[in-house]
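Okay, here's what each chain looks like letter by letter:
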Amino acid sequence: MVFRVGVIGTGNIGTDHANRIASQVSGADVVAVFDVATERAKEVASGVGAVAHATDGDVINDPEVDAVLIASPGELHAEQVLACIDAGKPVLCEKPLAPTTAECLKVIEAEVAAGRQLVQLGFMRRYDAAYVEVKAALDSGDIGEALMLHCLHRNPTAPDWFTSDLALTDSVVHEVDTSRWLLGDEIATVTVLAGKPSPKAGSAQDPQLVVFEMASGVLVTVESFIHAQYGYDVRCELVGSEGVASMDTPTLGAVTRRGGRTTVVPPDWRVRFGSAYQAELQAWVDSLASGEFHGASAWDGYAATAVAEAGLRARAEGARVAVELVDRPSFYAGK
Ligand code: NAP
């Protein structure tokens, strides 16, 4: 069976996902798209052989659409995901599930009431070969018990509107999911330290050092540096009681000439995580057939937003802030 996918939001990542599903993912076609930027939507639609609809609701309720991919701005996600649940359609929603835990909980309530998993979140690092290898080293027992996780999240630069708060809620939120998934543990507290700002950072407090204490006591450090200049450099090192699992920044090849050797660092997330997006989308399409979703769930989306909210408070108050989660519904056991 070929699943017919509707895409909502055809900006940076929505266009990337739509093109990828149309040309590189087996078992799915893109049949409908919507974006308020109508010309962009039409252009993407014509590139993938889809129709451009007039509203997001038209995509969700189109009888020709089996499943929906949401890549609109984060503040719209909860309402669009709720509409998908209402229509009984599986949905892959880019992070965040919603900017507030209150909205995330509405999604959780609706999905539990629907009685089957429909929502997957776009935390694609779970499909990145290097992160998967680090997790395998821990799960196999090769490096003993996890003690500390050190994460780097460096972007070359960011626009002026990308504030220090957004660095936490939009960027570090990936490390939130990475930490919870790699360690199989919840984040108990968040601390945010802002030291000497980079002269390249404008009005942003950048870099920031974020510390998570996991419920088990494992410590996680996250360097968030959105004006690092030299490239997109995202990786981690997991320190175990009997060894260390780490990864190199994937490079784009090397040039050797008189006097030295230069390796090229990825310029952005599209290049660094291209194969992870590919694996994520293929796994999601495969899940549409099996009905078993293995990526991040709505619960993971809720937990990520809860940690981001705690991070904002930690930054504002200069304090170590506890993450408060509601009881996990039994529906999400093993999800
Ligand atoms: P973007 O380039 O701004 O794209 C968002 C698109 O949605 C824009 O074309 C925007 O139009 C459109 N839009 C606005 N209102 C809409 C509505 N009511 N319905 C449908 N579309 C609407 O942003 P992006 O970088 O692609 O990010 C989109 C989402 O993906 C964000 O939640 C972001 O956090 C996430 N993301 C995830 C990753 C990842 O690695 N997983 C990477 C990048 C982005 P206008 O421009 O006219 O407003």
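Residues numbered from 1 in each chain as written. Predicted model: local features only at pLDDT ≥ 70, side-chain atom pairs only at ≥ 80, totals over all residues. Heavy atoms only, no water.

**What about the sheet that holds strand 11 (residues 233–240)?**
Within a sheet, adjacent strands bond to each other through the backbone by hydrogen bonds, running parallel or antiparallel.
So, point 1. Taken together, seven strands build an open sheet; the order of strands is 12-11-7-10-9-8-15 and the sheet is mixed. In this open sheet, the two edge strands, each paired with only one partner strand, are strand 12 (244–246) and strand 15 (321–322).
So, point 2. Pairing geometry for strand 8 (residues 187–194) and strand 15, over two bridges, is antiparallel. Considered in strand 15, the bridge of Val190 is made with Val321.
So, point 3. Each of strand 7 (146–154), strand 8, strand 9 (208–214), strand 10 (219–225) and strand 11 touches helix 7 (residues 164–183); the most contacted strand, strand 9, lies at about 35° to it.
So, point 4. Strands strand 8, strand 9 and strand 15 of the sheet are contacted by helix 10 (residues 298–317), whose axis makes an angle of about 40° with strand 8. (Pairing = 2+ DSSP bridges. Helix = DSSP H or I, 4+ residues; strand = E, 2+ residues; numbered from the N terminus. Contact = heavy atoms within 4.5 Å. Axes fitted to C-alpha atoms, helices over the stretch in contact; angles between N-to-C directions.)

**Observations concerning the packing of helix 7 against helix 10**
So, point 1. Between helix 7 and helix 10, whose axes approach to 9 Å, the crossing angle comes to 135°. Judged by the angle between their axes, helix 7 and helix 10 are oblique. Two packed elements cross with a definite hand, and for helix 7 against helix 10 that hand is right-handed. Residues Ser164, Asp165, Leu168, Thr169, Val173, Val176, Asp177 and Arg180 of helix 7 pack against Trp299, Asp300, Ala303, Ala304, Val307, Ala308, Gly311, Leu312 and Arg315 of helix 10.
So, point 2. Residues of the contact of helix 7 with helix 10, tallied by class, amount to nine nonpolar, three polar and five charged. (Parallel < 35°, antiparallel > 145°, perpendicular 65-115°, else oblique. Left-handed = near helix turned anticlockwise from the far one by under 90°. Nonpolar A, V, L, I, M, F, W, Y, C, P; charged D, E, K, R; others polar.)

**Overview of the site of the ligand**
So, point 1. Taken together, 26 residues surround the ligand, and among them Asp35, Arg40, Glu94, Lys95 and Tyr277 come closest.
So, point 2. Here an oxygen atom of the ligand sits 2.9 Å away from a polar atom, N or O, in the main chain of Asn12.
So, point 3. Taking Arg40, its side chain carries an N or O atom lying 2.4 Å from an oxygen atom of the ligand.
So, point 4. Among the secondary structure elements, those contributing two or more residues to the shell around the ligand are helix 1 (12–24), helix 4 (77–86) and helix 7.
So, point 5. The class makeup of the residues in the shell around the ligand is 12 nonpolar, nine polar and five charged.
So, point 6. There are two domains that each give the shell around the ligand at least three residues, and those are domain 1 (3–124 + 275–292) and domain 2 (126–273 + 303–322). (Near = heavy atom within 4 Å. Polar contact = N/O pair within 3.5 Å; in protein donor to acceptor, adjacent residues only side chain to side chain. Domains from an automatic or database assignment.)

**A word on the domain arrangement of the protein chain**
So, point 1. The domain architecture assigned to the protein chain consists of domain 1 (3–124 + 275–292) and domain 2 (126–273 + 303–322).
So, point 2. Of note, the centres of domain 1 and domain 2, computed from C-alpha atoms alone, are 26 Å apart.
So, point 3. Residue-level contacts link 20 residues of domain 1 with 14 residues of domain 2.
So, point 4. Across the domain 1/domain 2 interface, buried area totals approximately 1,600 Å², and carbon plus sulfur atoms make up 59% of it.
So, point 5. Here domain 1 is connected to domain 2 by one salt bridge.
So, point 6. Here Asp170 ties to Lys95 by a salt bridge, and the two come within 3.4 Å at their closest N and O atoms.
So, point 7. Taken together, the elements giving at least two residues each to the side of domain 1 that touches domain 2 come down to helix 1, helix 5 (101–114) and helix 9 (274–290).
So, point 8. Of the residues forming the side of domain 1 that touches domain 2, the biggest block, six residues, is contributed by helix 9.
So, point 9. The residue inventory of the side of domain 1 that touches domain 2, partitioned by class, reads 11 nonpolar, six polar and three charged. (Buried area = accessible area lost by both parts, 1.4 Å probe. Salt bridge = Lys/Arg side-chain N within 4 Å of Asp/Glu carboxyl O.)

**Some details on empty space enclosed by the protein**
So, point 1. Within this structure, the stated rule accounts for one cavity of 30 Å³ or more.
So, point 2. As for the largest cavity, its lining consists of Leu168, Val172, Val173, Val176, Val190, Val192, Val210, Phe212, Val307, Ala308 and Gly311.
So, point 3. Examining the composition of the lining of the largest cavity, we find that four residues originate from one element, helix 7, more than from any other.
So, point 4. In terms of residue class, the lining of the largest cavity is made up of 10 nonpolar, one polar and no charged. (1 Å grid on protein atoms, 1.4 Å probe; cavity = no way out; pocket = protein on both sides within 12 Å on 5 of 7 lines; lining within 4 Å. Points joined across faces, edges and corners; volume = space filled by probe spheres on them.)

**What to know about the packing of helix 1 against helix 9**
So, point 1. At their nearest, the axes of helix 1 and helix 9 sit 10 Å apart, and the two run at 65° to each other. Viewed along their axes, helix 1 and helix 9 form a crossing whose handedness is right-handed. Contacts between helix 1 and helix 9 involve Ile13, Asp16, His17, Arg20, Ile21 and Gln24 from the first element and Gly274, Tyr277, Gln278, Glu280, Leu281 and Gln282 from the second.
So, point 2. Residues of the contact of helix 1 with helix 9, tallied by class, amount to four nonpolar, five polar and three charged.

**Comments concerning the pairing of strand 9**
So, point 1. Here strand 9 shows a clear split, with Gln208, Val210, Phe212 and Met214 buried on one side and none of Leu209, Val211 and Glu213 buried on the other.
So, point 2. Across seven bridges, the pairing between strand 8 and strand 9 is antiparallel. Directly across from Val192, in strand 9, lies its bridge partner Val210.
So, point 3. By the bridge criterion, six bridges tie strand 9 to strand 10 in an arrangement that is antiparallel. (Buried < 20%, exposed > 50% of the residue type's maximum accessible area, 1.4 Å probe, protein only.)

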